[in-house]
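An overview of the molecular structure
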Amino acid sequence: MHFLPEDVFDLCLDRAKKFMGPEKYNSWLANASFRSYDNGVFTIGLDSEIRSNFVTQHYKENLEELLRKITEKSDISVVFTHVPETLSLGKIQNSSRHEMFSNFLKPGYVFDRFIQGPNNRMAFATAQAVAYEMGHSSTNPLFIYGGVGLGKTHLIQAIAHHIKENQQDKKFSYISSEEFLTSYVRALDPNKNRTRAMDIFKDRFRNSHYLIMDDVQFLAGKEGTQDVFFHLFNDLYLRGRQIILTSDRPPHEIEPLEERLISRFQSGMVVDIKPPILETRLAILNQKLKDENIQLDKDIVLYLAETVKSNVRQLEGAVNLLAANIRIQNIELSLENVRSIVTEYLGASSRRLNPSSITSTVGEFFGVNPNSLKGKQRKREILVPRQVSMFLMRELTSLSLEEIGSFFGRDHSTVLNAIKRINSKMSEDSFFKRKILDIREGLLG
Ligand code: ADP
Ligand code: MG
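Calculation notes
- Residues numbered from 1 in each chain as written.
- Chains lettered and ligands numbered in written order.
- Predicted model: local features only at pLDDT ≥ 70, side-chain atom pairs only at ≥ 80, totals over all residues.
- Heavy atoms only, no water.
- Helix = DSSP H or I, 4+ residues; strand = E, 2+ residues; numbered from the N terminus.
- Rg over C-alpha atoms; globule rule 2.2 N^0.38 Å.
- Contact = heavy atoms within 4.5 Å.
- Areas by Shrake-Rupley, 256 points an atom, 1.4 Å probe, with all protein chains shown as cover.
- Lys, Arg positive; Asp, Glu negative; His and termini not counted.
- Charge placed at Lys NZ, Arg CZ, Asp CG, Glu CD.
- Near = heavy atom within 4 Å.
- Polar contact = N/O pair within 3.5 Å; in protein donor to acceptor, adjacent residues only side chain to side chain.
- Domains from an automatic or database assignment.
- Salt bridge = Lys/Arg side-chain N within 4 Å of Asp/Glu carboxyl O.
- Buried < 20%, exposed > 50% of the residue type's maximum accessible area, 1.4 Å probe, protein only.
- 1 Å grid on protein atoms, 1.4 Å probe; cavity = no way out; pocket = protein on both sides within 12 Å on 5 of 7 lines; lining within 4 Å.
- Points joined across faces, edges and corners; volume = space filled by probe spheres on them.
- Pairing = 2+ DSSP bridges.
- Axes fitted to C-alpha atoms, helices over the stretch in contact; angles between N-to-C directions.

**Examining the overall build of the chain**
A count of helices and strands for the chain gives 21 helices and eight strands. Relative to the globule expectation of 22 Å for 445 residues, the C-alpha radius of gyration of the chain, 24 Å, shows essentially globular dimensions. With the C-alpha coordinates of the chain rotated into their principal frame, the extents come out at 70 × 55 × 45 Å. Pairs at least 24 apart in sequence give 75% of the contacts found in the chain among residues at least 6 apart. Just so you have it, the chain exposes about 22,200 Å², and 49% of that area is on carbon and sulfur atoms. Charged side chains of the chain number 58 positive and 55 negative; the gap between the two group centres comes to 4 Å.

Written out as structure tokens, the structure is:
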């Protein structure tokens, strides 16, 4: 989902006010507050049972229709809930804000289910320290980086879960940098009351004790958003609030990112997560098999841990696939079965995501010969897809700038430059951006 439900609900109230007229609106909906969003269902808080019953009877359908229009989704519904009147309005609003972000937390992403190993021990320990006590200058901000599928999101959601359970007086905002961007852009919408929209946007984060932002690398090249984020960062930091960030690369490799943000990101604790070693993979595998209620022979488990090693998500993917096979065929899997399933599974993902497959897919999309992308021509028709290929290799593989450069017979600064160019072209030209996202999707299958 690319919008924040809270924003959608806001917009919906704005429109409801128009069709209901101020008098009716003030009687029935003025105190409505966003509670949660889950799978198409908006839960809306009202302050009494009478209101909740009346609104359900008279306005539920209208609100649902408005929400469907705004989200452009057909499967949207609304439920109302009322909270005890003894709670003050301020508290209601606070708690609804608190819930709103926790709504996006995955239940299983808790500390107890995070397997420690030498690859992630430091990140785990720091995340726990921060979850217990916020705002220490040595760990503020906490910046966790590492490749895809290594547990960054799991770890920062575990912090959020911990706050929710153990520090109910603290508020946190959990958001991905992409959602932050979308929600900022929405606040700039000229059709909205801009000052109010921007105030709501800023307040939401300013009031947090913890700002937890996933995948900050997506701020690269988004100058306006970087600027807003920089001010938010300073504001929170100066008031001793804790900031927690993740990225797929260290701060100085996020390009292009304003120098002042890079230095802010480096000013607290920067820790990495590496791919897990065999013992850690085994432990994670055993936890996952237990969850799925699957029993496999020891040699099969060892085979899996030895073979599926690039990241944890891949390991989980392999187990899910085996689980599906077991359910469908209702048989016990032999080592031979497992071997062929896993070989096929790994083959499919590595076929898609290597330099040659990326250049051939990009070539196809742009209608040029993939081999020419590796050549010397500087014609625009070739240059752009070449830069796109470099950009996507950086995004989708774990190759370094140097490695990507050498595939094209060029140096790392050429690759860096290509990435910058594509980033800025994407922010200027939405048609181009769509095209890149399509190619990316095609590659990810
Ligand atoms: P990232 O955000 O780094 O791309 P995720 O946090 O989404 O990775 O992790 C991918 C999957 O692997 C998740 O389902 C997560 O629960 C699991 N995972 C990653 N690391 C661990 C770990 N150390 N212990 C248990 N599960 C893990
Ligand atoms: Mg993640």
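**Section: the site of ligand 1**
In the vicinity of ligand 1, 18 residues are found, and the nearest of them are G149, K152, T153, H154 and E316. Between ligand 1 and H154, the relevant distance is 2.7 Å, taken from an oxygen atom to a side-chain nitrogen or oxygen of the residue. E316 is positioned with one of its side-chain polar atoms (N or O) 2.6 Å from an oxygen atom of ligand 1. Surface burial for ligand 1 is 93%, taken as the share of its 560 Å² of free accessible area covered by protein chains. Broken down by secondary-structure element, the contributors of at least two residues to the shell around ligand 1 are α7 (152-166), α12 (278-291) and α14 (312-329).

**Concerning the domain arrangement of the chain**
Many analyses report the size of an interface as the accessible area lost when the parts associate. Under the domain assignment, the chain is made up of domain 1 (1-82), domain 2 (95-273) and domain 3 (354-444). A separation of 44 Å is found between the C-alpha centroids of domain 1 and domain 3.

**Some words on the pattern of salt bridges**
Within the structure shown, the criterion is met by 16 salt bridges. E64 serves as the salt-bridge partner of R68, at 3.6 Å between the closest nitrogen and oxygen. Note that R68 and E64 are positioned in helix α4 (residues 60-71) at a spacing of four residues, about one turn of the helix. Residue R68 is classed as partly exposed on the basis of its relative accessible area, which comes to 30%. Since its relative accessible area comes to 8%, E64 is described here as buried. For D235, the salt bridge identified is with R239, shortest N-O distance 2.9 Å. Using a relative accessible area of 21% as the deciding quantity, one classes D235 as partly exposed. One continuous salt-bridge network, built from bridges that share partners, spans K60, E64 and R68.

**Notes on the layout of surface pockets**
It is the rolling of a water-molecule-sized probe over the atoms that shows where space remains empty. Taken as a whole, the second largest pocket spans an internal volume of roughly 1,000 Å³. Looking at the second largest pocket, it is lined by 28 residues, and the ones nearest its centre are E178, L181, M426, K433 and L437. Counting only elements with at least two residues in the lining of the second largest pocket, the list comes to α8 (177-187), α18 (380-396), α20 (412-428) and α21 (430-444). Taken domain by domain, the lining of the second largest pocket gets at least three of its residues from each of domain 2 (95-273) and domain 3 (354-444).

**Some words on the pairing of strand β2 (residues 41-46)**
Burial of β2 is extensive: five of the six residues sit out of reach of the surface. Pairing of strand β1 (residues 33-38) with β2, which is carried by five bridges, proceeds in the antiparallel orientation. In the strand pairing of β2, Y37 is matched with F42. Hairpin connection of β1 to β2: two residues between the antiparallel strands, including N39 at a positive phi of 55°. With six bridges connecting them, β2 and strand β3 (residues 77-82) associate as parallel partners. In the sheet register, F42 faces β3, and the bridge partner there is V78.

**Remarks on the sheet that holds strand β5 (residues 172-176)**
A sheet is described by the order of its strands in space; here five strands give the open sequence β5-β6-β7-β4-β8, paired in parallel fashion. The strands lining the two open edges of the sheet, one partner per strand, are β5 and β8 (269-272). Across the sheet, the mean angle separating the axes of adjacent strands is 15° when strand polarity is ignored. In the sheet, strand β6 (residues 210-214) pairs with strand β7 (residues 242-247) via four bridges, with the strands oriented parallel. Paired with M213 across the two strands is L245, which belongs to β7.

**Section: the sheet that holds β3**
The mixed open sheet is built from three strands, whose spatial order is β1-β2-β3. Only two strands of the sheet have a single neighbouring strand rather than two, namely β1 and β3. This sheet shows a mean twist of 25° between the axes of neighbouring strands, independent of strand direction. Against the sheet, helix α1 (residues 5-20) engages β1 and β2, with an angle of about 130° to β1. Set on the sheet, α4 makes contact with β2 and β3; between it and β3 the angle comes to about 130°.

**Focus on unusual backbone geometry**
For residues that are not glycine, phi is negative in most cases, and the peptide bond is trans in most cases. Along the chain, N140 connects to P141 via a cis peptide bond; the corresponding omega equals -5°. Within the element layout of this structure, P141 appears in the loop between α6 (121-132) and β4 (142-145). Here D215, not a glycine, exhibits a phi torsion of approximately 60°, which is positive. According to the relative accessible area criterion, D215 is partly exposed, its value standing at 21%. A positive phi is found at N293, a non-glycine position, where the angle reads about 60°. Position of N293 among the secondary structure elements: in the loop between α12 and α13 (298-307).

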